[in-house]
Structures are given as C-alpha cells and as structure tokens.
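# Examining the three-dimensional arrangement
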Amino acid sequence: MLSLKSKYRTHTCGELNTKNVGETVVLSGWVHRKRDHGSLLFIDLRDNYGITQIVFNGGDANLEKLRPESVIMVTGTVVAREKSAVNDKIPTGSIEVQSSAWEILTNSDVLPFQVFGDDGSVSEDLRLKYRYIDLRRESLHKNILFRNSVIKFLRDKMWDMGFSEFQTPILTVSSPEGARDYIVPSRYHHGMFYALPQAPQQFKQLIQISGFDRYFQIAPCFRDEDLRADRLLEFYQLDLEMSFVDLRDIQAVGDEIIPEMIRKFAPDAKIGSEIPHIPFDTAMLKYGSDKPDLRNPIEISDVTEIFRGSDFGIFADAVAGGSVVRAIPAPNSASQPRSWFDKLGEFATKELGLGGLGYIIFAEEAKGPVAKKLDADRIAKLRKIAGDNASLFFVCDKAEIAAKAAGKLRNKLGEDLNLIDPKEFRLCWVEDFPMYELNEETGTIDFGHNPFSLPKGSLDGDPLTIKANQFDMVLNGNEICSGGLRNYNPETMVKAFAIAGYGEDVVKEKFGGMYAAFQYGAPPHGGCAFGIDRLVMLLSGAENLREVVLFPTNQRGQDLMLGAPREVTEKQLREVHIQVRKKN
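Residues numbered from 1 in each chain as written. Predicted model: local features only at pLDDT ≥ 70, side-chain atom pairs only at ≥ 80, totals over all residues. Heavy atoms only, no water.

## Some words on the overall build of the protein chain
Filter applied, for reference: Strands are runs of DSSP state E lasting at least 2 residues, helices are runs of H or I lasting at least 4, and numbering of each runs from the N terminus. Whether two residues touch is decided by their heavy atoms; if any such pair falls within 4.5 Å, the residues are in contact. Per-residue accessibility takes into account occlusion by the displayed protein chains alone, with areas from the Shrake-Rupley method and a 1.4 Å probe. Asp and Glu are treated as the negative residues and Lys and Arg as the positive ones, with His and the ends of the chain left uncounted. Where a charge lies is defined by one atom per residue type: Lys uses NZ, Arg uses CZ, Asp uses CG and Glu uses CD.
The secondary structure content of the protein chain amounts to 17 helices and 24 strands. Seen through its C-alpha atoms, the protein chain measures out along the principal axes to roughly 90 × 70 × 55 Å. Considering only intrachain contacts with a sequence separation of at least 6, the fraction spanning at least 24 residues in the protein chain is 67%. When the accessible surface of the protein chain is totalled, it reaches about 30,100 Å², and 50% of it is carbon and sulfur. A distance of 3 Å separates the average location of the 71 positive side-chain charges in the protein chain from that of its 82 negative side-chain charges.

## So, the sheet that holds strand S13 (residues 301–302)
Operational definition: We call two strands paired when DSSP finds no fewer than two bridges between them.
Here we have five strands laid out as an open sheet, ordered S13-S14-S17-S15-S16, and antiparallel in their pairing. Edge positions in the sheet fall to S13 and strand S16 (366–367), since each of these pairs with one other strand and no more. Bridging between S13 and strand S14 (residues 324–330) involves two bridges; their strand directions are antiparallel. By the bridge assignment for S14, aspartate 302 is matched with arginine 326.

## Topic: the sheet that holds strand S2 (residues 40–47)
What counts is decided by this rule: Lines fitted to C-alpha atoms define the axes here, with helix axes fitted over just the stretch in contact, and angles between the N-to-C directions of these axes take values from 0 to 180 degrees.
Pairing is mixed in the closed barrel, where five strands are placed in the order S1-S2-S3-S5-S4. Going from strand to strand, the sheet's axes swing by 55 degrees on average, the running direction of each strand aside. Two elements, strand S1 (residues 24–36) and S2, share six bridges in a ladder whose sense is antiparallel. Across the sheet, residue arginine 33 finds its bridge partner in S2, namely aspartate 44.

## A closer look at the packing of helix H7 (residues 280–287) against helix H12 (residues 399–416)
Heads up, the rule is: Put simply, angles under 35 degrees are roughly parallel, angles over 145 are roughly antiparallel, angles from 65 to 115 are roughly perpendicular, and the rest are oblique.
At their nearest, the axes of H7 and H12 sit 7 Å apart, and the two run at 55 degrees to each other. Relative to H12, the element H7 lies oblique. Two secondary-structure elements touch here, H7 through Met284, Lys286 and Tyr287 and H12 through Ala403, Lys404, Gly407 and Arg410.

## Looking at the pairing of strand S22 (residues 470–475)
The following threshold applies: Three labels apply to residues, based on accessible area from a 1.4 Å probe with only protein chains included: buried if under 20% of the type maximum, exposed if over 50%, partly exposed otherwise in between.
Of all six residues that make up S22, six are buried, and the element is covered over most of its length. Of the two faces of S22, the one carrying Gln470, Asp472 and Val474 and the one carrying Phe471, Met473 and Leu475 are both buried. Sheet analysis places strand S19 (residues 427–431) next to S22, joined by five bridges and oriented antiparallel. Looking across to S22, one finds that cysteine 428 is bridged to valine 474. As judged from the six bridges shared by S22 and strand S23 (residues 478–485), these two strands associate in the antiparallel manner. Within S23, the residue paired with phenylalanine 471 across the bridge is glycine 483. Turn length for the S22-S23 hairpin, with the two strands adjacent in sequence and antiparallel, is two residues, and the turn residue asparagine 476 shows positive phi of about 50 degrees.

## Regarding helix H5 (residues 201–209)
Of all nine residues in H5, seven are buried, a share of seventy percent or more. Turning to H5, its buried residues number three or more, namely Gln201, Gln202, Lys204, Gln205, Ile207, Gln208 and Ile209. Where H5 is buried, its residues touch strand S9 (214–222), strand S10 (234–243), helix H14 (504–510), helix H15 (512–517) and strand S24 (525–531). Residue glycine 211 follows H5 closely and has a positive phi angle near 100 degrees.

## Let's talk about the packing of helix H4 (residues 138–160) against helix H16 (residues 532–540)
Axes are the key here: two packed helices are described by the angle between their axes and the distance separating the axes. Our working definition: Helix crossings get a hand from a simple test, with the near helix turned counterclockwise from the far one by less than a right angle marking a left-handed crossing and a clockwise turn marking a right-handed one.
Viewed as axis vectors pointing N to C, H4 and H16 meet at an angle of 120 degrees, and their least axial separation amounts to 10 Å. Overall, the two elements H4 and H16 adopt an arrangement that is oblique. As for the relative orientation of H4 and H16, their crossing is right-handed in sense. Of H16, the residues touching H4 (which contributes Asn143, Phe146, Arg147, Val150, Ile151 and Leu154) are Ile532, Asp533, Val536, Leu539 and Ser540.

## Regarding the environment of serine 310
Selection rule: Pairing of N or O atoms within 3.5 Å defines a polar contact, subject to two protein rules: one partner must be a possible hydrogen donor and the other a possible acceptor, and residues neighboring in sequence count only if both atoms are side-chain atoms.
Locating serine 310 in the fold gives a position in the loop between helix H8 (304–307) and helix H9 (313–320). Apart from the residues lying within four places of it in its own chain, the contact partners of serine 310 are Ala316, Leu374 and Arg378. Looking at serine 310, its side chain comes within polar contact range of the main-chain oxygen of phenylalanine 307, at 2.9 Å. Polar side-chain contacts of serine 310 include one of 3.3 Å to the backbone nitrogen of phenylalanine 312.

## Regarding unusual backbone geometry
Note that the residue after alanine 564, namely proline 565, is joined by a cis bond; omega there is -5 degrees. The topology assignment puts proline 565 in the loop between H16 and helix H17 (570–575). Positive phi, close to 55 degrees, is recorded for asparagine 418, a residue that is not glycine. When its relative accessible area of 68% is taken as the criterion, asparagine 418 is described as exposed.

## Here we look at the packing of aromatic side chains
What counts, and what does not: The criterion for an aromatic pair is that two Phe, Tyr or Trp rings (for Trp, the six-membered ring) have centres within 6.5 Å, with stacked assigned to planes under 30 degrees apart, edge-to-face to planes over 60 apart and tilted to the rest. For a lysine, the NZ atom is tested; for an arginine, the CZ atom; a charge sits over a ring if that atom is within 6 Å of the ring centre and within 35 degrees of the ring normal.
The tally for this structure, following the rule as stated, stands at 24 aromatic pairs. A centroid spacing of 6.3 Å and a plane angle of 65 degrees characterise the contact between phenylalanine 307 and phenylalanine 312, whose relative ring orientation is edge-to-face. The buried category is assigned to phenylalanine 307, whose relative accessible area is 0%. Among the aromatic residues, those joined into a cluster by ring pairs are Tyr436, Phe447, Phe452, Phe497, Tyr502 and Phe511. Positioned above the aromatic ring of tyrosine 188, the side-chain terminus of arginine 187 is 4.6 Å from the ring centre. Directly above the aromatic system of phenylalanine 347 lies the positively charged group of lysine 412, at a separation of 5.2 Å from the ring centroid.

## Details of the pattern of salt bridges
We apply this condition: What makes a salt bridge here is a side-chain nitrogen of Lys or Arg within 4 Å of a carboxyl oxygen of Asp or Glu, nothing more.
Inspection of the entire model under this criterion finds 41 salt bridges. Residue arginine 136 is joined to glutamate 69 by a salt bridge in which the shortest nitrogen-to-oxygen separation is 3.0 Å. Of the two residues, arginine 136 sits in the loop between helix H3 (131–134) and H4 while glutamate 69 sits in the loop between helix H1 (61–65) and strand S4 (71–80), which places them 67 residues apart along the sequence. Among the residues examined, arginine 136 registers a relative accessible area of 22% and is labelled partly exposed. By relative accessible area, which is 3% here, glutamate 69 ends up buried.

## Quick look at the environment of glutamine 470
Structurally, glutamine 470 is set in strand S22. For the pair formed by glutamine 470 and asparagine 148, sequence separation is 322 residues and the distance between their alpha carbons is 30 Å. Those residues in contact with glutamine 470, other than ones at most four positions away along the chain, are Val430, Glu431, Asp432, Phe433, His449, Asn450, Ser453, Ser482, Gly483 and Gly484. Within the local environment of glutamine 470, its side chain forms a polar contact with the side chain of serine 482, the two groups lying 3.3 Å apart.

Shown next, in the form of structure tokens:
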C-alpha cells in the first residue's frame, strides 16, 4: 500500500493507540467536535480513517473562534487517557494527543447543517445541495466506503472465475429496449443523435461474437424513467456475458457470488440453505409477485373452484364471468380486534383499488359474512388452507389484477403480523418469464422482458403462451439480477421482433450492427447483470438507493449541488443544430 505519510501527517486519525504513547505526531483533518472546558479545550479531529481527540491548553482566542469542519494540522505528543476517560467506541479511544502546535489549513463557513451527530431531521434536498458536507457524516461516509468494498469483492470474484474485464462505449445508438433513452446531439452530424446506454446489451453480445469467452464490467447505465424511491436515472450494474452456456451455467455465477457476498458483508445474516428456482406463473400464483419475499411464510392459494356455483353470489357470479378468487391466509390472527380487519378493508379499497375485502375468521367455528354463505364442505376446504386460529382473506378479479392485489395484501400481512425476520436473507431464481405481453392501452403485443432473449421452443401459436429463456434473481423481495440466454440466430431474431410489431426493416435499422454480426457465426451465449446500487443498499441496511450513491440526483432528477439540468447558451445550441421551443 502507498504510504499515507506526508508533510501534513505522520499518522491518520484512526491509527494511534497505546503503542504510540510518547511519540511526537502530526495529524491533519476536520474539526469534528469542539468542547471548551476552560483551562483545557478538546477537539475531535476527523479524517477518512477515524477520529482522534486532541487536547489544547485553554485561552487561545483563535482556537475558541475555530468553527466546526475547519481543516487544521496539529503537532503533539501521544498520551494515554485516564481509565475513566477511555472511549471504547473508537479505535483511538485509549489515547489522546497533547497539542504543542497547530495551524489552520482552511476555515469553514457557518454550516448549513451539522456533521456531528448525524441529525436525521435535515431535509434530503438540503443534504444533496451540500452533498460534500453530507458525505462527511459518519453513516453516509461509511455507506460509500462499504460500496467501495463490495465493488472490489465483485471485481476480484469475477477475475478469479476467469472473466475478462472490458469497457464498452457510453455514446452509442438509440434502440427500443424498454425505457426512454438519454440522447446526445452530434455536432459533426447535423440532426443526428447518440444515446447513453440503458445497458451494454448489444455490446456484450458483440463481445461474444468477437470470440471473447467470458466478459464483465462494472457498467454505468442510463434510463430516462419516471422516478421512484427505488429507482435512479443513472445506476451501475455488474454486467457479464458468457459463450457456449445454458441457463444453469449463467445462474451458477450468482449461486457462487451472492451467498458469499452476504456472508462477508452481513455477517449476522441468516441465509437460506438453498436458492429455489420458481417459474414465473408459480410465483404470481403463490406470492402475487415476480419478485417474492420468501422471508414471508404466507402463500396464496387459488380457490376459484371452491366459490364456483356457491351461494356467495358476488364471487360466484364473478367466477362465472371469468374472474378468479385468490385466498391469502393470515396465521394466528383470529383474535385480532374488529378494527384490524376494518383497516385491512380500507387498505384494500384505497391502496389496492378493490371494491372490498372478504374474509373468514377460523376460530372454533368459521365466522364472518362470507362463511354464512358457504356450505360445510367448502368451509372445510378453506379451513385447511388457512389453518386454525387464522383468518383467510379473499381477492376476486381478473387473474392478473387478482394476483397483484393478493401479492400486495400478502406483503402487508407479513409486515403487520411481524412474520418477516429482518436479519434473514432469502434468495430465489424466478424464471420462465412470458416472452410477450398484451399492451392494455393499445391492444398490441409487446415484449414482456428483454427483447434479445432466446424464446423457449417454437414462436408459432399464441404469442402470450411463449416463454423466454429469461430469469431474475430476487433477494428479500428485491430484483437484484436479470439475465438469460440470448437470441443468436438472425431468422429467429427477425421472427421474434415481428410478433412484437417490428418488421425486418426496423430490426435492420435499429439493431443493424448486431443483425449483421449474426450473419458471420455467433456462438450460443447468455449473461446477466446484478444491480450494484440495490445490492449495496440491501447489505448496508440503507433506507434508499441515494444513501449508497456518491452524488445522486434528487427524486425529481435534479443535481442540486452542481445545478443540473440547466439551460445552455444559444451558441452551444447552434453548434449542435438545436432550437429550443419554449413551453406555453
């Protein structure tokens, strides 16, 4: 390691201990905290590596005026603290430095918020405006260093597994890959634009066609999407691609890396012994989500046939009209007060958009308005699903709507009944995704997932029944990886895009480089990408993605620190042949 010693320091602020007692040292850092005890003045001096307490003689007017977060250099002698003054919370807590000389390197202005104390009441926009101050706060500083360690671990593992690291272009071509592109005008080519990559998808496949067997990179990706708490405009992924593989070969990378990473960076975590493989259709039925949180033991059941032809007319009529009924058990909830059930009913109407929420309480006997309309045989079947001392909630609607609503209700019940262990880490692979889906607004067929996926079996027949060689890896209800086998045959590629409404001319125009490359011998290949920001968030326990990113935008996509986006000069616009039309 390169020496950290310089004219500004002989040691870092996290380095000194009782072995250094009696030594003369030089330290530099930020004034973290200052305490004036009259005859003595104490400063906690902070740098990237830790905090050391500095002791000054009182009465120095310059010291007394020194503001927090000013940067100073101190020369002094290391002394052992008295036993009563030892601070076991920091590595340097057994010593302090008695200052013999000090110097201000830079003064700090009055702070917009305090660094000491990690005050949680400061607004996020203010923190982002002064991100360089925010990053000095212990929790955030720790998150960013933690991220650095995670990325090093991932990079080392990929090298150990025989992957080669390559970098792909940032300025590339716009292509229909799901989200909106960020576009960059060309000065040299009038009226033409580059696009920032949503992912290195075409390049990673071209790397395989170029004969490189195992590729990876820590790739920046850009998507102009509507913002949410769990979404960033700019994000990073561990991107990888492999030749001559099947699905299990690709998933073996995740099986190798992710459990080991959890054990290393979340040592107190409880990790499931197996990583189950769950078909998409099963996930939607049992969990109401294609990214199920397996820490939650609740499983959804299809009870459509139990209600078909029953005396509970609301459901029976809906089933006759093509709806389904999903049952969501709530274990050990039979003794919950009426208000608890009322609040869940309110959740169903306001948050799920349902007309109401039917349920049966299984105490010694079945209770509730639904139970009164069902015969003993149907009640017995439902009790078997719910279990004793439980409640069973029902969602009745068209299959897709019912699945999603039941999944959200499952999540809420898991939280409300404290069924989820926060120290548990449960992984799963969700696979066999639909190749296509119906666009409800236009009534047309769209790609359901990655358009470059290799379809499973024939492309003939009903497109909505075709599955893709596509998978996601899910951790505690969060998608952390997506990947699959790629389409490497040009005829299949053209046919797959034609089903989604893209003619061969569009394929050649939008994906001309890759289409041409397919004509010259492409190996069977596939790959995936792991979301680094989300992985770091989950492992660190951070509340949102912005807490693990060095310089993120806010939830409106603004960089408040540097002032982006902003207007540019008329000269800059003319150079790239653009005229801005003002909004009315």
